[in-house]
Amino acid sequence: MNEKITEYQTDVLIVGSGGSGLRCAIELCDQGIKDILVIGKCKLGEAHTKEAEGGINAALGNVDKEDNWLWHVKDTLSESGYLANGKQAELVCKNMIPDIQELQTMGVPFNQTKNGKINQRQFGGQTFNRTCFVGDYTGKAILETLVKQVQKRKIKNLENIYVTQLLASKGKISGIFGLDFESGQFVQIQAKIVVLATGGYTRVYKTASSDQFVNTGDSIWLALNAGLELKDMELVQFHPTGMVWPEEAQGKLITEGVRSEGGYLTNSKGERFMQKYDSERMELSTRDRVARANFFEIRTGNTTPHGGVWLDITHRTPEYIDERLPKMIQQFKQYGNVDIKTEKMEVAPTAHYSMGGIVIQPETGETKIKGLYAIGEATAGLHGGNRLGGNSLAEIIVWGKLAGKDIAKKVKKFKQIKVNSKIVQNEIERIQNLFSGTKSNPVVLRTELQKLMWNHAGVVKNEKDLQKGLTELAILKELTKNAKIKTGLKNNLELITVLDLEAQLATSECILKSALARKESRGAHYREDFLKTKKEWLVNLICRQDLKGKIKLTKKKVVKPSAEVLKFLKKIKEKYGEWKN
Ligand SMILES: Cc1cc2nc3c(=O)[nH]c(=O)nc-3n(C[C@H](O)[C@H](O)[C@H](O)COP(=O)(O)OP(=O)(O)OC[C@H]3O[C@@H](n4cnc5c(N)ncnc54)[C@H](O)[C@@H]3O)c2cc1C
């Protein structure tokens with residue numbers, strides 16, 4: 001095949017039109033950079049950020065006056081099992097205070113207190129009411145506002161571009177290669193600077209809170225092939241409350257907002273079972289504890305008719321539920337015709353967030369490749385062993401802006417690096433070879449992989465299951481090489497499935513190998529064969545691909561917070577004693 005390549009050139013290319021990518025584009029423009037192009041494999045306004053429900057953290061102290069950024073750092077670090085990068089935690093907690101006001105000024109309609117300040121609710125694992133919210137559709141409100149701001153600034157945007165390879169040589173970025181799957185043409189975009197804002201990887205699991213076509217681990221695939229380091233790939237957050245039925249809604253998120261508004265969990269015997277797992281914090285315990293509690297109740301057989309546990313908010317008045325949880329009312333009405341004002345919800349754990357990802361410079365988001373940045377859920381560092389609810393939206397806003405500022409300072413001094421045509425030729429051949437398979441059905445392979453990951457690397461892990469997962473993964477990898485797909489690049493869903501599958505396989509291998517290596521339990525990483533948290537495992541696991549394509553793991557010291565934060569942590573430990581998480 002002698003396919004045509006459509007070529008573009010830009011100073012700054014942002015891959016990903018979610019919250020992090022758009023916030024970065026806005027900052028660049030406001031700093032005077034005009035030659036910016038934002039691309040995504042979905043449509044503008046459709047990125048996964050729109051799914052976020054419960055809220056975004058900023059230690060404003062509007063509801064609880066004692067709150068401040070130091071408490072926010074403390075909660076972030078303790079929730080992370082002390083695996084979070086201290087610098088990254090400090091940056092997000094300090095910057096969110098002005099950044100949330102800026103979001104409001106841009107037009108995000110945050111719910112307000114009676115005296116006109118941004119209202120804040122309490123999320124699990126947080127000492128204070130700190131999570132700012134727009135009902136239960138915070139992500140949608142933020143993304144819509146950012147889209148309007150991008151359009152107001154006339155920032156260029158291309159939709160339906162699937163990036164399959166980063167173009168980098170000798171440690172410097174020169175652009176990307178990919179496929180415009182609507183027109184069916186290959187695309188090469190030359191850029192002085194590339195920002196990866198490509199999201200997470202929870203869709204390697206059967207039950208996940210994102211939809212089927214996002215969070216397929218593209219960030220991980222692109223980073224591994226470019227020789228970048230990944231961190232903490234074993235650390236995946238399972239949210240306690242995903243929908244259980246009907247099948248098409250399985251895994252869909254039920255916001256933590258339901259529990260923070262007073263919702264409680266019961267099993268088939270009517271027991272409020274959190275009493276057994278965390279009698280002090282009950283339903284507002286940390287996400288990992290509540291997810292495991294739900295998992296164990298289900299495994300014991302104390303289940304609802306469709307195999308979950310109950311979540312009940314019916315003791316709140318209908319008016320209150322209308323005001324605070326409108327999206328949940330609509331979601332349960334649409335799927336299953338359940339009225340949450342009068343009926344209980346059936347819930348079970350769902351894969352929700354990838355704490356692992358690309359290693360970045362904390363202050364800027366830059367990677368080890370010159371001119372290549374990574375921001376948002378594609379990166380690692382802020383959340384360590386477990387993410388605080390509301391900290392991810394904070395992360396995408398803070399690093400969108402930090403990266404934008406840094407790039408604006410540097411881009412004028414950067415020269416366009418010549419694209420290595422050999423890499424482009426190899427990538428075209430690689431994609432064309434995908435059409436030579438004769439056997440397996442890619443959709444079946446994807447389902448098998450997702451089942452494998454759910455069964456062998458899910459909420460509760462052990463050595464035997466993880467080893468079995470790796471053996472089965474090797475078989476799926478071989479079968480994928482011979483996946484049968486129809487020819488043609490235009491709107492070819494089978495081709496997209498294989499491209500996704502390659503990323504999902506690479507990501508799953510990193511998760512399985514890292515989870516096998518971490519012989520302890522910490523945060524969301526729960527090994528039933530190594531129940532204790534171990535001092536010698538207070539390290540980050542670095543994962544990279546060697547020249548032969550093998551995944552290699554090394555340990556790295558966790559970056560500590562500043563002296564100011566350490567002093568604060570010592571003070572509160574002396575005052576309140578040891579923390580639970
Ligand atoms: C149901 C749900 C509820 C949530 N609720 C909250 C909450 O209340 N509070 C909170 O803090 N966090 C929440 N989160 C997490 C949060 O929404 C995400 O972590 C965050 O929005 C990620 O933003 P992002 O910009 O990094 O990536 P995304 O919004 O996922 O955007 C990724 C972009 O990259 C593009 N892309 C991906 N791969 C490619 C490729 N190969 N080529 C080209 N483009 C590509 C996509 O098209 C998309 O435009 C929630 C998550 C879910 C699933």
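Because the structure is a prediction, the values reported are computed rather than measured.

Novice: What should I look at first to understand the pattern of salt bridges in this one?
Specialist: Opposite charge on two side chains permits pairing when their charged atoms draw close. Scanning all chains against the criterion turns up 50 salt bridges. In this structure, the salt-bridge partner of E427 is R430, at a minimum N-O distance of 2.9 Å. Placement of both E427 and R430 in helix α12 (residues 421-433) is noted, with a separation of 3 residues, approximately one turn of the helix. The same class applies to E427 and to R430, which are both buried. Among the ionic pairs, E574 bridges to K570, the shortest N-O distance being 3.8 Å. In this pair, E574 and K570 are both assigned in helix α16 (residues 563-576), 4 residues apart and thus about one turn of the helix distant. With relative accessibility at 59%, the residue E574 sits in the exposed group.

Novice: What is the right way to look at the environment of V15 in this model?
Specialist: On the secondary structure map, V15 appears in strand β1 (residues 5-15). It is 16 Å that separates the C-alpha atoms of V15 and K34, two residues lying 19 residues apart in sequence. When sequence neighbours within four positions are dropped, the list of residues in contact with V15 reads I39, V163, I176, V194, V195, L196, A197 and T198.

Novice: What am I meant to see in the packing of helix α1 (residues 19-30) against helix α11 (residues 391-410) here?
Specialist: Packed helices, taken two at a time, are described by the angle their axes make and the gap between the axes. It is at 7 Å that the axes of α1 and α11 come closest, and there the two elements cross at 35°. The handedness of the crossing between α1 and α11 comes out as right-handed. Contacts from G19, S20, R23, C24, E27 and L28 in α1 reach I396, I397, G400, K401, A403, G404, K405, I407 and A408 in α11.

Novice: Looking at this structure, how should I read unusual backbone geometry?
Specialist: A negative phi angle characterises most non-glycine residues, just as the trans form characterises most peptide bonds. Across the junction of W245 and P246, the peptide omega takes the value -10°, indicating a cis bond. In this structure, P246 sits in the loop between β11 (236-243) and α6 (257-260). Phi at Y82 is positive, roughly 60°, even though this residue is not glycine. For Y82, the position within the fold is in the loop between α2 (69-79) and α3 (86-106).

Novice: When you look at the pairing of β1 in this model, what are you seeing that I'm missing?
Specialist: Every regular strand shows the same layout, with side chains that alternate between the two sheet faces. With 10 bridges connecting them, β1 and strand β9 (residues 185-196) associate as parallel partners. Residue Q9 lies in a different strand from β9, and its bridge partner there is Q190. Where β1 meets strand β2 (residues 36-39), 4 bridges bridge the pair, whose relative direction is parallel. Residue pairing for β2: L13 is matched across the bridge by L37.

Novice: What exactly am I supposed to notice about the domain arrangement of the chain here?
Specialist: The accessible area lost on association of the parts is a frequent measure of interface size. When its domains are assigned, the chain resolves into domain 1 (5-235 + 355-413), domain 2 (240-352) and domain 3 (421-549). In this structure, domain 2 and domain 3 have C-alpha centres spaced 30 Å apart. Between domain 2 and domain 3, the contact holds 9 residues from the first and 7 residues from the second. Summed over the shared surface of domain 2 and domain 3, the result is 1 salt bridge. The residue E528 makes a salt bridge to R299 at a minimum N-O spacing of 3.3 Å.

Novice: It is not clear to me how the sheet that holds strand β18 (residues 551-557) should be interpreted in this structure. Could you clarify?
Specialist: Sheet strands line up and pair through hydrogen bonds in the backbone, either parallel or antiparallel. Pairing within the open sheet is antiparallel, and its 4 strands lie in the order β15-β10-β17-β18. Each edge of the open sheet carries a strand with a single partner, namely β15 (357-358) and β18. Alignment of strand β10 (residues 230-231) against strand β17 (residues 539-545), held across 2 bridges, turns out to be antiparallel. The partner of L230 across the bridge, within β17, is C543.

Novice: Explain the site of the ligand here, please?
Specialist: Of all residues adjacent to the ligand, which total 36 residues, the nearest are S20, T49, E377, S392 and L393. One of the backbone N or O atoms of C42 is found 3.2 Å from an oxygen atom in the ligand. One of the backbone N or O atoms of E53 is found 3.2 Å from a nitrogen atom in the ligand. Contact with the protein chains removes 98% of the 1,000 Å² of surface that the ligand exposes when unbound. Where the shell around the ligand is concerned, the elements lending two or more residues are α1, β7 (161-169), β14 (345-354) and α11. Top element by residues in the shell around the ligand is α11. It accounts for 4 residues. The class makeup of the residues in the shell around the ligand is 12 nonpolar, 18 polar and 6 charged.

Reading guide: rules and limits
- Residues numbered from 1 in each chain as written.
- Predicted model: local features only at pLDDT ≥ 70, side-chain atom pairs only at ≥ 80, totals over all residues.
- Heavy atoms only, no water.
- Salt bridge = Lys/Arg side-chain N within 4 Å of Asp/Glu carboxyl O.
- Helix = DSSP H or I, 4+ residues; strand = E, 2+ residues; numbered from the N terminus.
- Buried < 20%, exposed > 50% of the residue type's maximum accessible area, 1.4 Å probe, protein only.
- Contact = heavy atoms within 4.5 Å.
- Axes fitted to C-alpha atoms, helices over the stretch in contact; angles between N-to-C directions.
- Left-handed = near helix turned anticlockwise from the far one by under 90°.
- Pairing = 2+ DSSP bridges.
- Domains from an automatic or database assignment.
- Near = heavy atom within 4 Å.
- Polar contact = N/O pair within 3.5 Å; in protein donor to acceptor, adjacent residues only side chain to side chain.
- Areas by Shrake-Rupley, 256 points an atom, 1.4 Å probe, with all protein chains shown as cover.
- Nonpolar A, V, L, I, M, F, W, Y, C, P; charged D, E, K, R; others polar.

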